[in-house]
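In case you want the letters, here they are:
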Amino acid sequence: MNVIGNASVLERPVQCAEQPSVSREAKVGKALHGWVPQFLLIAAAALIGASLLFSFWGMNLRAPQYPGGLKARIYITHLAGDIQELNGLNHYIGMMNLNQAAALERSLAVYLIPTFALLTLAAAFVRLRWWWLLAIPALGLPVVFIADLGAWLYYAGHALDPRAPLSSSIKPFTPPVLGEGKIGQFTVVAFFETGFYLVLAASSLIVAAIALRWRAAASRRAG
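A. Focus on the sheet that holds strand S3 (residues 79-81). Taken together, the five strands give an open sheet; going across it, the order is S3-S2-S1-S5-S4, and neighbouring strands pair in antiparallel fashion. If you trace the sheet from one side to the other, it starts and ends with S3 and strand S4 (179-183), each paired once. Neighbouring strand axes in the sheet, compared pairwise and without regard to direction, differ in orientation by 20° on average. Where strand S1 (residues 55-63) lies against strand S5 (residues 186-192), six bridges are found, and the strand directions are antiparallel. Note on S5: the bridge partner recorded for Gly58 is Phe191. The strands that helix H7 (residues 141-158) touches are S1 and S5; relative to S1, the one it contacts most, it runs at about 35°. Packed on one face of the sheet, helix H8 (residues 194-222) meets S1 and S5 and runs near 145° to S1.

Here it is as structure tokens:
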């Protein structure tokens, strides 16, 4: 009886060893379909919120009469840089006041950017079928910003006031969205800044999260 009893005790570890173990590939797959998309969406929401603190777009202008150059910095909610000096120059060629450009968009962005961040954060935790719709507004933010910026630059350069003192000295033009251009005596260099790259990175994270969750859903349906 003792032999039989000992054999029974010795069999238990063998039974435990025979239990199927979770492979490394299975663990990685579970993470990619589970907490990784959630983490990506949380990180995206943080990047969108942080973008409020940084300039989205900048323009540096150089001319012989301004050896130190002039600069304009466009935040999603306000303007910074040598705005008053640039507005004074714009007055002579009949170009609109920079503060008038995208004024509505900037006033709305104070509320929209935090809302987009919260919607993206909600998408990380909501398990509804259409969860990804919550992240769509933030996903499109970089494209909307570029389109709106380009439209305003075109309008500002083509809606010149013919009554301006030097209106006849310059033809309608479009300041560059990105890269170098020439406006009268000024050489202009335009570039995106930290705020834009933050929302661009957030969009990339959202795309990755959507792809991972859709792939997981497809795997569940196939399984």
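B. Structural detail: the nonpolar core. Core analysis: the largest hydrophobic core is formed by 52 residues, its most contacted members being Trp57 and Phe145. Put simply, the parts of the chain that give this core at least two residues each are helix H3 (35-50), S1, strand S2 (66-75), helix H4 (83-93), helix H5 (103-125), H7, S5 and H8. Ranked by the residues each element gives to this core, the list is headed by H8, at seven residues. Those residues in contact with Phe145 that lie beyond four places of it in its chain are Phe56, Trp57, Ile76, Phe192 and Phe196.

C. Main features of the packing of H7 against H8. Packing of H7 against H8 brings their axes to within 8 Å, and their N-to-C directions diverge by 140°. The orientation of H7 with respect to H8, classified from their angle, is oblique. Listed contacts from H8 to Leu141, Pro142, Phe145 and Ile146 of H7 are Phe196, Val199, Leu200 and Ser203. When grouped by side-chain class, the residues that make up the contact of H7 with H8 number seven nonpolar, one polar and no charged.

D. Representation of the confidence of the model for the protein chain within the structure. Mean pLDDT over the protein chain: 87, with 85% of residues reaching 70 or higher. In this model, residues 1-10 is a region of pLDDT below 50 whose contacts with residues beyond four sequence positions or in other chains number zero contacts.

E. Expanded view of the packing of aromatic side chains. Scanning the entire structure with this criterion turns up eight aromatic pairs. Residues Phe56 and Phe145 carry aromatic rings whose centres are separated by 5.2 Å and whose planes lie at 55° to one another, so their mutual orientation is tilted. Residue Phe56 is located in strand S1, and its partner Phe145 is located in helix H7; the two are separated by 89 residues in the primary sequence. Each member of the pair, Phe56 together with Phe145, is buried. Cluster of aromatic residues (ring-pair linked, three or more members): Phe56, Phe145, Phe192, Phe196 and Tyr197. When the ring centre of Trp131 is taken as reference, the NZ or CZ atom of Arg213 above it lies at 4.5 Å.

F. Main features of the layout of surface pockets. Roughly 980 Å³ of internal volume is contained in the largest pocket. As for the largest pocket, its lining consists of 42 residues, of which Trp57, Met95, Leu98, Leu153 and Ala156 are closest to the centre. Split by residue class, the lining of the largest pocket holds 34 nonpolar, five polar and three charged. Considered as a void within the structure, the second largest pocket measures approximately 360 Å³ in volume. Considering the residues around the second largest pocket, the lining is formed by 15 residues, among which Trp131, Arg213, Trp214, Ala217 and Arg220 are closest to the centre. Split into classes, the residues belonging to the lining of the second largest pocket amount to eight nonpolar, two polar and five charged.

G. Looking closely at H5. If you check H5, its first and last C-alpha atoms are 34 Å apart, about what 23 residues at 1.5 Å a residue would give, namely 33 Å. The largest bend along H5 reaches roughly 45° and is located at Ala109. Those residues of H5 that are buried are in contact with H3, S2, S3, helix H6 (136-139), H7 and H8.

Conventions adopted
Residues numbered from 1 in each chain as written. Predicted model: local features only at pLDDT ≥ 70, side-chain atom pairs only at ≥ 80, totals over all residues. Heavy atoms only, no water. Pairing = 2+ DSSP bridges. Helix = DSSP H or I, 4+ residues; strand = E, 2+ residues; numbered from the N terminus. Axes fitted to C-alpha atoms, helices over the stretch in contact; angles between N-to-C directions. Contact = heavy atoms within 4.5 Å. Core = buried A, V, L, I, M, F, W, Y, C linked by side-chain atoms within 4.5 Å. Buried < 20%, exposed > 50% of the residue type's maximum accessible area, 1.4 Å probe, protein only. Parallel < 35°, antiparallel > 145°, perpendicular 65-115°, else oblique. Nonpolar A, V, L, I, M, F, W, Y, C, P; charged D, E, K, R; others polar. pLDDT = per-residue confidence, 0-100. Phe/Tyr/Trp six-rings, centres within 6.5 Å; stacked < 30°, edge-to-face > 60°. Lys NZ or Arg CZ within 6 Å of the ring centre and 35° of its normal. 1 Å grid on protein atoms, 1.4 Å probe; cavity = no way out; pocket = protein on both sides within 12 Å on 5 of 7 lines; lining within 4 Å. Points joined across faces, edges and corners; volume = space filled by probe spheres on them. Expected span 1.5 Å × (residues − 1). Bend = angle between axes of the 7 residues up to and from the residue.

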